[in-house]
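So the chains spell out like this:
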Amino acid sequence: QVQLVESGGGLVQPGGSLRLSCAASGSIFGINAMAWYRQAPGKQRELVAAMTGGDSTNYADSVKGRFTISRDDAKNTVYLQMDSLKPEDTAVYYCNAQILVRTGVYYGYWGQGTQVTVSS
């Protein structure tokens, strides 16, 4: 059984910063890509940032230059540093990980989500 547990969300004023964390635990033989998605009320879930096992990164245009994804493979953890936050960044943020559960078999797992609210 694999679990992803997110933390670090909350209420922040425009221009502020937050750091999200997502730790994977359970029967993990390896992790390939890890990513952050978000879903605002009435909108579809969208990719915010992703990092492959080779440390290649990809960002949504709306967050480039403001958000930074990183990972600590020793801790099976992915982070999202969010700076210069805007009200339109308000959403539930979810982490996703492609986890090797046995030889040659990867499954995609989701965290439970953490609320980020940017408001004055």
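Placed above this text is the structure.
This report concerns the structure included in the present document.

Thresholds, definitions, all that
Counting starts from 1 at the beginning of each chain's written sequence and moves along it residue by residue. Local features in this predicted model are restricted to residues of pLDDT 70 or higher, and side-chain atom pairs are both shown and tallied only at a pLDDT of 80 or more, whereas totals for entire chains, interfaces and linings draw on every residue. Side-chain measures were taken over the full set of non-hydrogen atoms in the model, leaving aside hydrogen atoms and water. The buried label goes to any residue with under 20% of its type's maximum accessible area, the exposed label to any with over 50%, and the partly exposed label to all in between, with areas taken from a 1.4 Å probe on protein chains only. For the purposes of this entry, the term helix denotes a DSSP run of H or I that reaches at least four residues, the term strand denotes a run of E that reaches at least two, and both are numbered from the N terminus. Two strands form a pair only when DSSP identifies at least two bridges running between them. Pairing of aromatic rings covers Phe, Tyr and Trp, the last through its six-membered ring, and needs centres within 6.5 Å; plane angles under 30 degrees mean stacked, over 60 mean edge-to-face, and all others mean tilted. Definition used: whenever NZ (Lys) or CZ (Arg) falls within 6 Å of the ring centre and also within 35 degrees of the ring normal, the charge is taken to sit over that ring. Pairing of N or O atoms within 3.5 Å defines a polar contact, subject to two protein rules: one partner must be a possible hydrogen donor and the other a possible acceptor, and residues neighboring in sequence count only if both atoms are side-chain atoms. For this analysis, residues touch if any pair of their heavy atoms sits within 4.5 Å. Helix axes are fitted only over the stretch in contact, all axes being lines through C-alpha atoms; the angle between N-to-C directions runs from 0 to 180 degrees.

Residues Thr114, Val116 and Val118 line the buried face of strand 11 (residues 114-118), whereas the alternating positions Gln115 and Thr117 sit on a face that is not buried. Examined bridge by bridge, strand 2 (residues 10-12) and strand 11 share three bridges and lie parallel to one another. Residue pairing for strand 11: Leu11 is matched across the bridge by Thr117. Pairing of strand 9 (residues 91-102) with strand 11 involves three bridges; the strand directions are antiparallel.

Per the counting criterion, the structure on display carries two aromatic pairs. Where Tyr107 meets Tyr109, the ring centres are 6.5 Å apart and the plane angle is 65°; that geometry is what we call edge-to-face. Residue class for Tyr109 comes out partly exposed when judged on its relative accessible area of 21%. A cation over a ring is seen here: Arg19 above Tyr79, with NZ or CZ 4.0 Å from the ring centre. A cation over an aromatic ring shows up here: Arg45 above the ring of Trp110, its NZ or CZ 4.6 Å from the ring centre.

The residue Arg71 is located in strand 7 (residues 67-72) in this model. Only 3.3 Å separates the side chain of Arg71 from the backbone oxygen of Ile31, close enough to count as a polar contact. A distance of 2.7 Å separates a polar side-chain atom of Arg71 from the backbone oxygen of Asn32. Other than its neighbours up to four places away in sequence, Arg71 contacts Ile31, Asn32, Ala33, Met34, Met51, Thr52, Gly53, Asp55, Thr77, Val78 and Tyr79.

Attention now goes to the sheet that holds strand 3 (residues 18-26). Taken in spatial order, the four strands of this open sheet run 1-3-8-7, and their pairing is antiparallel. The open sheet terminates on both sides in strands that have one partner only, identified here as strand 1 (2-7) and strand 7. Across the sheet, the mean angle from the axis of one strand to that of its neighbour is 15°, orientation sign disregarded. Across six bridges, the pairing between strand 1 and strand 3 is antiparallel. Following the sheet pairing, Ser7 is matched in strand 3 by Ser21.

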